[in-house]
Amino acid sequence: MISFVYFDVGGVVVSDFSGTNKWVLMKRDIGITPENDKEFDQFWDKYEKDVHVGRDVDTLIPLITEKFHVDFPADYSLLADFVNRFEPNKPIWPIIDKIKQDCRIGLLTNMYPRMLSVMIKKEIMPPISWDVIIDSSTEGCQKPDSDIFQLAEQKINIQKDNILFADNTIENVNAAKDFGWQTFLYDSANHKNSSNDLLNYYNTLFLD
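What comes next concerns the included structure. Just so it is clear, the structure is predicted and the values come from calculations on it, not from any experiment.

What follows is about the side chain of His-191. With respect to the element layout, His-191 can be found in helix α10 (residues 191–207). Residue His-191 is classed as buried on the basis of its relative accessible area, which comes to 16%. A polar contact of 3.2 Å, which involves the side chain of His-191, links it to the side chain of Asn-89. Here Ser-188 takes part through its backbone oxygen, which lies 3.3 Å from a polar atom of the side chain of His-191. Discounting residues that sit within four places of it in the chain, His-191 has contacts with Gly-11, Ser-15, Asn-89, Pro-91 and Tyr-186.

Here it is as structure tokens:
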């Protein structure tokens, strides 16, 4: 029986870039040309790991300027640019409400510093009180590393097979499954159907 559900944020609780072309659009808007796409993606993959565990994403602006010869406005913020392109995932809001009626809920997210508070301020997060929040940027560990799952489990003191984790990245889902949790792979390209599928799967596990 499930007694705690952890939700990923980007692509699950919030509609971010997952399943969209928003990442490409953002690159074009800041001046990254199609010819530089591969190199920029490699650059981003390299530094995002540091950002997930505490490095401020806006410290990458001068590195991007130097490496890719991009001229940013004086008041430009990568963090603000990201969040301004995010949207509420409204189909999952009633699903979260229904699950919260039965058990405790929390967030388990790879996050940039300050990003979660900015999203809450912009009201794109569900208006709900989370029992536990595991934010990689404040905890210093990130998915899919086992350390963050161990921390998340310790925070709630619940047996592994009574925890359900919903994430939109197969690597993270597999890591949680290997750790002994129940898992659900969320499809960010179809929020409505995947949200309903999540509730149906949760109900099956909850009543089991």
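Past the structure itself, the notes keep going.
Moving on, we come to the packing of aromatic side chains. Evaluated as defined, the whole model comprises 23 aromatic pairs. On the numbers, 6.0 Å between centres and 65° between planes, the contact of Phe-7 with Trp-130 is edge-to-face. Residue Phe-7 is found in strand β1 (residues 4–7), and its partner Trp-130 is found in the loop between α6 (115–121) and β5 (132–135); the two are separated by 123 residues along the sequence. The residues Phe-7 and Trp-130 share a single accessibility class, namely buried. Between Phe-179 and Trp-181, the ring centres sit 6.1 Å apart and the planes meet at 80°, which makes this aromatic pair edge-to-face. The residues Phe-179 and Trp-181 share a single accessibility class, namely buried.

Another aspect to go through is the pattern of salt bridges. Enumeration according to the criterion identifies 13 salt bridges in this entry. A salt bridge links Asp-8 to Lys-143, with the shortest nitrogen-to-oxygen separation between them at 2.9 Å. On the criterion of sequence distance, the pair formed by Asp-8 in the loop between β1 and β2 (14–15) and Lys-143 in the loop between α7 (136–139) and α8 (146–156) is long-range, its members being 135 residues apart. Neither residue differs from the other here; Asp-8 and Lys-143 are each classed as buried.

This brings us to unusual backbone geometry. Cis rather than trans, the peptide bond between Lys-143 and Pro-144 has omega equal to 10°. Its place among the elements puts Pro-144 in the loop between α7 and α8. Backbone geometry at Glu-123 places phi at a positive 60°, although glycine is not the residue there. Topologically, Glu-123 is positioned in the loop between α6 and β5.

Among the 8 residues that make up helix α4 (residues 78–85), 6 are buried, leaving the element largely enclosed by the rest of the structure. Among the residues of α4, Leu-78, Leu-79, Asp-81, Phe-82, Val-83 and Arg-85 are the ones counted as buried. Where the residues of α4 are buried, they touch α1 (22–30), α2 (37–52), α3 (61–68), β3 (87–88) and α6. The distance from a side-chain oxygen at the start of α4 to the backbone nitrogen of Leu-79 is 3.3 Å, and the residue carrying that oxygen is Ser-77.

Next up on the list: the packing of α1 against α4. Two elements in contact, α1 and α4, have axes whose closest approach is 11 Å; the angle formed by their N-to-C orientations is 140°. Overall, the two elements α1 and α4 adopt an arrangement that is oblique. As α1 runs across α4, the sense of the crossing is right-handed. For the pair α1 and α4, the contacting residues are Lys-22, Trp-23, Leu-25, Met-26, Asp-29 and Ile-30 in the first and Leu-78, Asp-81, Phe-82 and Arg-85 in the second.

About the cut-offs
- Residues numbered from 1 in each chain as written.
- Predicted model: local features only at pLDDT ≥ 70, side-chain atom pairs only at ≥ 80, totals over all residues.
- Heavy atoms only, no water.
- Helix = DSSP H or I, 4+ residues; strand = E, 2+ residues; numbered from the N terminus.
- Buried < 20%, exposed > 50% of the residue type's maximum accessible area, 1.4 Å probe, protein only.
- Polar contact = N/O pair within 3.5 Å; in protein donor to acceptor, adjacent residues only side chain to side chain.
- Contact = heavy atoms within 4.5 Å.
- Phe/Tyr/Trp six-rings, centres within 6.5 Å; stacked < 30°, edge-to-face > 60°.
- Salt bridge = Lys/Arg side-chain N within 4 Å of Asp/Glu carboxyl O.
- Axes fitted to C-alpha atoms, helices over the stretch in contact; angles between N-to-C directions.
- Parallel < 35°, antiparallel > 145°, perpendicular 65-115°, else oblique.
- Left-handed = near helix turned anticlockwise from the far one by under 90°.

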